[in-house]
Amino acid sequence: MRLIFMGPPGAGKGTQAARLLSAFGVCHISTGDMFRAAVKAGTPLGLQAQRHMSAGELVPDAVTIGLVRERLKQPDAQRGFLLDGFPRTVPQAEALAAALEADGVALDGVLVLEVPDAYIVERIVGRRTDPETGTIYHVRFDPPPAAIAARVVQRKDDAEEVVRERLAAYHAQTAPIVPIYEARGLVRRVDGLGTPDEVTARIQAVLA
Ligand code: AP5
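Criteria and thresholds
- Residues numbered from 1 in each chain as written.
- Predicted model: local features only at pLDDT ≥ 70, side-chain atom pairs only at ≥ 80, totals over all residues.
- Heavy atoms only, no water.
- Salt bridge = Lys/Arg side-chain N within 4 Å of Asp/Glu carboxyl O.
- Buried < 20%, exposed > 50% of the residue type's maximum accessible area, 1.4 Å probe, protein only.
- Helix = DSSP H or I, 4+ residues; strand = E, 2+ residues; numbered from the N terminus.
- Lys, Arg positive; Asp, Glu negative; His and termini not counted.
- Pairing = 2+ DSSP bridges.
- Axes fitted to C-alpha atoms, helices over the stretch in contact; angles between N-to-C directions.
- Near = heavy atom within 4 Å.
- Areas by Shrake-Rupley, 256 points an atom, 1.4 Å probe, with all protein chains shown as cover.
- Nonpolar A, V, L, I, M, F, W, Y, C, P; charged D, E, K, R; others polar.
- Parallel < 35°, antiparallel > 145°, perpendicular 65-115°, else oblique.
- Left-handed = near helix turned anticlockwise from the far one by under 90°.
- Contact = heavy atoms within 4.5 Å.

### Description of the pattern of salt bridges
Pairing is possible between side chains that carry opposite charge, provided their charged atoms lie close to one another.
Logical step 1: Applying the stated criterion across every chain yields a total of 15 salt bridges.
Logical step 2: The salt bridge involving arginine 71 is made with aspartate 76; its shortest N-O contact spans 2.8 Å.
Logical step 3: Classification of aspartate 76 as partly exposed rests on a relative accessible area of 28%.
Logical step 4: Residues arginine 155 and aspartate 157 are paired through a salt bridge, measuring 3.1 Å at the closest nitrogen-oxygen approach.
Logical step 5: Judged by its relative accessible area of 21%, arginine 155 falls in the partly exposed class.
Logical step 6: Residues joined by salt bridges that share partners form a network here, namely Arg127, Arg155, Asp157, Asp158 and Arg166.

Encoded structure:
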């Protein structure tokens, strides 16, 4: 299975990807996670990415495309993948199409998780992550268990003013990709409102 997971920041892509992985056994390729790992490691890529991420801007295409091309060559990506947060621009979508064509494989679908802007800030500002397991929580909708509540952290780019920039970048640069995939008959839209379990059930129904 080769899937793209799209949707605005905070739509629930990471939350749902974690649930789908156990069901489908494909690898989860999240460019956001890859950039955050590079930032944590203090690599040159991380330093470059951090400048853009903390401003709510996209990391330049040349950097992002090179990173994903290398990741797709790894053995675990040969069995299939769930791309989360990539592509995010038209040039990224074109580069992905060229890479898949060169490998003689095709996308199975593009899931677009739809959540209106009005819900996004609350979802993102309340997000907390367990640094040991990567599990995503929310202070109100999915509070961390008491045993780990003291160690959960907030992402630096989850400040309200940065969220608004990320949302603007989504509408200006990422949403225009959807019609490209729609024209190829690949898009399935999923309502991202409701509980995480309800959203998972909708996604599973679409995938079935
Ligand atoms: P990235 O990490 O990809 O962030 P994003 O797309 O903005 O998405 P998020 O991770 O914020 O949200 P999500 O949809 O995964 O939601 P989640 O499940 O956590 O990118 C970060 C940055 O990296 C970008 O801004 C950019 O700078 C750079 N970058 C990454 N990829 C790039 C690319 N391809 N090109 C250029 N730059 C790139 O859920 C959010 C919260 O809501 C959680 O607290 C969760 O518990 C809660 N929640 C989830 N589902 C529900 C529900 N159904 N009801 C209530 N609450 C819910």
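Further notes follow.
### Brief notes about the side chain of aspartate 84
Logical step 1: Residue placement: aspartate 84 occurs in strand 3 (residues 81-84).
Logical step 2: One buried charged residue, aspartate 84, remains without a salt bridge, the closest side chain of opposite sign being lysine 13 at 5.0 Å.

### Observations regarding the sheet that holds strand 1 (residues 2-6)
Logical step 1: One open sheet holds the five strands; their spatial order is 2-3-1-4-7, and the pairing between them is parallel. In this open sheet, the two strands that pair with only one neighbour each are strand 2 (27-30) and strand 7 (187-191). Neighbour-to-neighbour, the strand axes of the sheet open up by a mean angle of 20°, direction not taken into account.
Logical step 2: Sheet topology places strand 1 next to strand 4 (residues 109-114); four bridges connect them, and they run parallel. Directly across from phenylalanine 5, in strand 4, lies its bridge partner leucine 111.

### Looking at unusual backbone geometry
Logical step 1: Residue proline 87 follows phenylalanine 86 across a cis peptide bond; omega there is 0°.
Logical step 2: Here proline 87 lies in the loop between strand 3 and helix 5 (90-103).

### Focus on the site of the ligand
Logical step 1: Among the 35 residues in the neighbourhood of the ligand, the closest are listed as Thr15, Glu57, Arg88, Arg127 and Arg166.
Logical step 2: Relative to its unbound accessible surface of 1,100 Å², the ligand loses 97% to contact with the protein.
Logical step 3: Taken together, the elements giving at least two residues each to the shell around the ligand come down to helix 1 (13-24), helix 2 (31-41), strand 6 (136-138) and helix 9 (196-207).
Logical step 4: In the shell around the ligand, the residues fall into 13 nonpolar, 13 polar and nine charged.

### Some remarks on the packing of helix 4 (residues 61-72) against helix 5
Logical step 1: At their nearest, the axes of helix 4 and helix 5 sit 10 Å apart, and the two run at 25° to each other. Classified by the angle their axes make, helix 4 and helix 5 are roughly parallel. Helix 4 and helix 5 meet at a crossing whose hand is right-handed. When helix 4 is examined against helix 5, the residues Asp61, Thr64, Ile65, Arg69 and Leu72 are found in contact with a partner set consisting of Pro91, Gln92, Ala95 and Leu96.
Logical step 2: Looking at the contact of helix 4 with helix 5, its residues break down into five nonpolar, two polar and two charged.

### Some remarks on the environment of leucine 193
Logical step 1: Relative to the helices and strands, leucine 193 is located in the loop between strand 7 and helix 9.
Logical step 2: As a C-alpha pair, leucine 193 and glycine 12 span 181 residues in sequence and 9.3 Å in three-dimensional space.
Logical step 3: Leucine 193 has contacts with Glu114, Val115, Pro116, Tyr119, Arg123, Val199 and Arg202, leaving out every residue within four places of it along the chain.

### Notes on the pairing of strand 3
Logical step 1: Side-chain alternation along strand 3 places Phe81 and Leu83 on one buried face and Leu82 and Asp84 on a second face that is also buried.
Logical step 2: With four bridges joining them, strand 1 and strand 3 adopt parallel strand pairing. The residue of strand 3 that forms the bridge with isoleucine 4 is leucine 83.
Logical step 3: Bridging between strand 2 and strand 3 involves four bridges; their strand directions are parallel. Along strand 3, the bridge assignment pairs isoleucine 29 with leucine 83.

### Points about the packing of helix 6 (residues 117-125) against helix 7 (residues 160-174)
Logical step 1: Running from N to C, helix 6 and helix 7 point in directions that differ by 135°, and their axes come no closer than 10 Å. The pairing of helix 6 with helix 7 is recorded here as oblique in orientation. Judged by the sense of rotation from one axis to the other, the crossing of helix 6 with helix 7 is right-handed. In this structure, helix 6 uses Asp117, Ile120, Val121, Ile124 and Val125 to contact helix 7, whose residues at the interface are Glu160, Val163, Arg164, Arg166, Leu167 and His171.

Shape descriptors only; they carry no functional weight alone.
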